[in-house]
Amino acid sequence: MTDLNGPISRRRTFAIIAHPDAGKTTLTEKLLLFGGAIQLAGAVKARGEQRRAHSDWMKVERERGISVTSSVMTFDYAGCTFNLLDTPGHEDFSEDTYRTLTAVDSAVMVIDAAKGIEEQTRKLFEVCRLRDVPILTFINKMDREARDPFDLLDEIEQTLALDVTPASWPIGMGRDFLGCYDLLRDRLVLMARSREGLPDAGEVCEGLDDPKLDRLLPAHAVAKLREEVEMARGLMPAFDLEAYRGGHLTPVYFGSAINNFGVRELLDGLARFAPPPRPQPAAARTVDPAEAQVSGFVFKIQANMDPKHRDRIAFMRLCSGQFKRGMKLRHIRTGKTLAVYNPVLFLAQDRELAEEAWAGDIIGLPHGQLRIGDSLTEGEDLRFTGIPNFAPEHLQRVRPDDPMKAKHLSRALEQLAEEGVARVFRPLLDSSWIVGVVGALQFDVLADRIRTEYNIPVRFEPAALHTARWIEADDPREIKRFADANRAAFAEDHDGAPVFLARNAWHLNTTEENWPELRFLKTKEATA
């Protein structure tokens, strides 16, 4: 039998989290460039669109310049296989991001050097903290006027209640930014700025006393570097691998992704320190990645990645074992056996057949029956936990411009709901659909996707609803009694689960008080 520990210990599955415009997409692209996955930053093979980042592939993302879905990219570097999950930066798409963070073992937090920690960064960090995800920090845009490095480190420590240790140190900032000194390896690789291709190997200076430093850098920059590094080393704790992997300490890298400064050091840090695949929680027990039996869970569904073919791909995080193409896996929710003949590995929208994959890898399964939260195993009845569905905060009615397309719209909405991009509710007393989302911008994206992917122009209308709650009870007859008494506020989601539609906060609170034997759920575990 193959020894699983070797290939699994080389896996690094991580996500990048950031506030919009902190430079996440640029950093993603530079990591792919340094990892040899692309040759020229900003260059995309498809249709010569020279300025579109590899990871923002959906039409809406290209037009708006924001990431609204999570992409998966696999590349090799320094003897490790990296699975990079790019998450939506825009806060209206936080649910997709939350689910993505259930599938990673570590994260890179990108911070704008001029702005420091912003609202969305803080929210995403809290999600990582809930799951004890270790975090490396990359302070980006040092080539612009930035805040003092000590200031930024202090803000991370105070705001996020996290120990910090600088892993590299900037030499100057703005126009005078010359690069970053690697504190963990005690050396400087001095490179020329380069925006597109890979930079040259650069001049290596070993240690702060290397006479090359005085020859290659302006005297005032060297003096400042030596003084600041001495202060940083005196004030900050040394790097501690156990504290980092426990989620208590973050090593901080400085750089300028667009100019390639600091990117190689960050990648080296991920290869050296980021944890290999971690054990995954399931309802019955915890699953160790080195187990021989293959298991995994679906954390994302993406339909129509290729507009020429009406396709649907389930993204599965492998939790244990060695997967081989053609394997038969048991679909726990339905009890059926699936033969997986054409699984795929991703480079954004470029795909290749996955002949084999290991615990920690993300593979795509082109299959219409899979849903978010589904578990697949070689036979054992395992249900992986911790993949949430959130009650929507914005609800609107959706109608097709052409009433004859109502049936087609139903199908489109059900597919989008299974993808997890929206909640879809069918009221008991109304033939129209109610669509619920976490962020209002999702309505624009949904209307655009329904129009372009399904060829159904639609309009969203206000629904005079405050929120939705899933209903659970120990006795199913209670739900039936509730439905009979509240017909106007009762609905079912695309899975047929009962839902209460509240008109306002008072309506929700009063109903909860009047029906104490029912549970009104804001989040619902997506397990199967």
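Residues numbered from 1 in each chain as written. Predicted model: local features only at pLDDT ≥ 70, side-chain atom pairs only at ≥ 80, totals over all residues. Heavy atoms only, no water.

J.: So what exactly am I meant to see when it comes to the confidence of the model for the protein here?
T.: The predicted model of the protein has a mean per-residue pLDDT of 84, with 86% of residues at 70 or higher. Taken together, the stretch residues 41-57 has pLDDT below 50 and engages in 52 contacts with residues farther than four places along the chain or on a different chain. In the predicted structure, residues 64-70 sits below a pLDDT of 50 and forms 35 contacts with residues beyond four places in sequence or in another chain. (pLDDT = per-residue confidence, 0-100. Contact = heavy atoms within 4.5 Å.)

J.: Help me understand the pattern of salt bridges in this model?
T.: Between side chains of opposite charge, a pair can form as their charged atoms come close. A full pass over the atoms with the stated rule returns 28 salt bridges. A salt bridge links Arg 519 to Glu 472; the nearest nitrogen and oxygen atoms lie 3.6 Å apart. With Arg 519 in strand β32 (residues 518-521) and Glu 472 in strand β29 (residues 467-473), this residue pair connects regions lying 47 residues apart in the sequence. In this structure, Asp 474 and Arg 519 form a salt bridge, with 3.3 Å as the shortest nitrogen-oxygen distance. On the criterion of sequence distance, the pair formed by Asp 474 in the loop between β29 and α13 (476-485) and Arg 519 in strand β32 is long-range, its members being 45 residues apart. Overall, the relative accessible area of 70% leaves Asp 474 in the exposed class. Assessed through its relative accessible area of 33%, Arg 519 is described here as partly exposed. One salt-bridge network, in which partners are shared between bridges, spans Arg 399, Asp 401, Arg 459 and Glu 461. (Salt bridge = Lys/Arg side-chain N within 4 Å of Asp/Glu carboxyl O. Helix = DSSP H or I, 4+ residues; strand = E, 2+ residues; numbered from the N terminus. Buried < 20%, exposed > 50% of the residue type's maximum accessible area, 1.4 Å probe, protein only.)

J.: How do you make sense of helix α10 (residues 263-273) when you look at a structure like this?
T.: Side chains of residues three or four places apart in an α-helix project in the same direction, reflecting 3.6 residues per turn. For α10, the buried fraction is high: nine of the 11 residues fall into the buried class. Among the residues of α10, those classed as buried are Val 263, Glu 265, Leu 266, Leu 267, Asp 268, Gly 269, Leu 270, Ala 271 and Phe 273.

J.: Please clarify how the environment of Ser 375 should be interpreted in this entry.
T.: Following the sequence through the fold, Ser 375 ends up in strand β23 (residues 375-377). Of the residues examined, Ser 375 reaches a relative accessible area of 0% and is grouped as buried. Remark: the alpha-carbon pair of Ser 375 and Ile 332, spanning 43 residues in sequence, is separated by 5.7 Å. A polar atom in the side chain of Ser 375 sits 3.0 Å from the backbone nitrogen of Phe 384. (Polar contact = N/O pair within 3.5 Å; in protein donor to acceptor, adjacent residues only side chain to side chain.)

J.: Got a minute to help me understand the environment of Leu 266 in this structure?
T.: Counting through the fold element by element, Leu 266 comes out in helix α10. Residues Leu 266 and Phe 138, spaced 128 residues apart in sequence, show a C-alpha to C-alpha distance of 7.5 Å.

J.: What exactly am I supposed to notice about unusual backbone geometry here?
T.: Generally, phi is negative for residues other than glycine and the peptide bonds are trans, each holding for most cases. Positive phi is not limited to glycine here, since Ala 161 has a value of about 50°. Residue position: Ala 161 is located in the loop between α6 (149-160) and β6 (163-166). Despite not being glycine, Asn 260 has its phi angle at roughly 75°, a positive value. If you trace the backbone, Asn 260 turns up in the loop between β11 (249-254) and α10.

J.: Can you walk me through the packing of aromatic side chains in this structure?
T.: Per the counting criterion, the structure on display carries 16 aromatic pairs. Aromatic side chains Phe 482 and Phe 520 sit 5.9 Å apart centroid to centroid with 70° between the ring planes, which places their arrangement in the edge-to-face category. Taken together, the positions of Phe 482 in helix α13 and Phe 520 in strand β32 put the pair 38 residues apart, joining distant regions of the chain. Both residues of the pair, Phe 482 and Phe 520, belong to the buried class. Each ring, one from Phe 500 and one from Phe 520, has its centre 5.7 Å from the other, and the planes form 70°; the classification is edge-to-face. (Phe/Tyr/Trp six-rings, centres within 6.5 Å; stacked < 30°, edge-to-face > 60°.)

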